[in-house]
Amino acid sequence: QVQLVESGGGLVQPGGSVRLSCEASGSAFNSRDMGWFRQTPGKQRELVALVTPGSLTNYADSVKGRFTISRDNAKNTVYLQMNSLKPEDTAVYYCYARLGVKMDWGQGTQVTVSS
């Protein structure tokens, strides 16, 4: 099992940027897929981005070209750099770690894009 702690959310203006961080404690960080989902009230949780142990990445179409996911295995941390933010990016962002069929989740961090 791994514990995940997110940070970096907050209020940002449209067009602005914010970086989310997710620090993992526990074993086998280097072997885990890491990523971010987001959720807004009344909607299902949506996959935003993921990074594999080999640093392959994948993104939702809605964030391609604006968001960048990366991982620092030395720090057991995954990042989500979000640029050119839009009001529709407003959501609670959840970090996850996956090893096989087992997924662990962070507590979530709110990102609000508003003027």
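The structure displayed is predicted, hence computed values, not measured ones.

Cut-off values and rules
Residues numbered from 1 in each chain as written. Predicted model: local features only at pLDDT ≥ 70, side-chain atom pairs only at ≥ 80, totals over all residues. Heavy atoms only, no water. Helix = DSSP H or I, 4+ residues; strand = E, 2+ residues; numbered from the N terminus. Buried < 20%, exposed > 50% of the residue type's maximum accessible area, 1.4 Å probe, protein only. Contact = heavy atoms within 4.5 Å. Areas by Shrake-Rupley, 256 points an atom, 1.4 Å probe, with all protein chains shown as cover. Pairing = 2+ DSSP bridges. Axes fitted to C-alpha atoms, helices over the stretch in contact; angles between N-to-C directions. Polar contact = N/O pair within 3.5 Å; in protein donor to acceptor, adjacent residues only side chain to side chain. Disulfide = S-S within 2.5 Å.

## Observations regarding the overall build of the protein chain
- Counting its regular elements, the protein chain contains zero helices and 11 strands.
- Secondary structure elements in the protein chain, listed N-terminal to C-terminal, are β-β-β-β-β-β-β-β-β-β-β.
- Counting only residues that meet the buried cut, the protein chain has 43% of its 115 residues in that class.
- Of the contacts formed within the protein chain by residues at least 6 apart in sequence, a portion of 55% connects residues at least 24 apart.
- When the accessible area of the protein chain is evaluated, it comes to approximately 5900 Å², of which 49% is carbon and sulfur surface.

## Comments concerning the sheet that holds strand β1 (residues 2–7)
- With antiparallel pairing, four strands are arranged side by side in an open sheet as β1-β3-β8-β7. Each edge of the open sheet is held by one strand with a lone partner, namely β1 and β7 (67–72). Going across the sheet, the axis of each strand differs from the next one's by a mean of 15 degrees, ignoring polarity.
- Pairing of β1 with strand β3 (residues 18–26) involves six bridges; the strand directions are antiparallel. Paired with V2 across the two strands is G26, which belongs to β3.

## Re unusual backbone geometry
- At A28, a position not held by glycine, the phi torsion is positive, near 60 degrees.
- By the secondary structure assignment, A28 is in the loop between β3 and β4 (33–39).

## Considerations on the side chain of T109
- With respect to the helices and strands, the residue T109 is situated in strand β11 (residues 109–113).
- Note on T109: relative accessible area 12%, which makes it buried.
- Separated by 3.4 Å, the side chain of T109 and the backbone nitrogen of G9 make a polar contact.
- In contact with T109, not counting residues within four places along its chain, are E6, G9, L20, A91, V92 and Y93.

## Brief notes about the state of the cysteines
- Inspection of the entire model under this criterion finds one disulfide.
- Linked covalently through their sulfurs, C22 and C95 form a disulfide whose S-S length is 2.0 Å. Residues C22 and C95 share a disulfide whose torsion about the S-S bond is about -80 degrees; that sign makes it left-handed. Residue C22 is located in strand β3, and its partner C95 is located in strand β9 (residues 91–99); the two are separated by 73 residues in the primary sequence.
- Here C22 falls in the buried class, since its relative accessible area comes to 0%.

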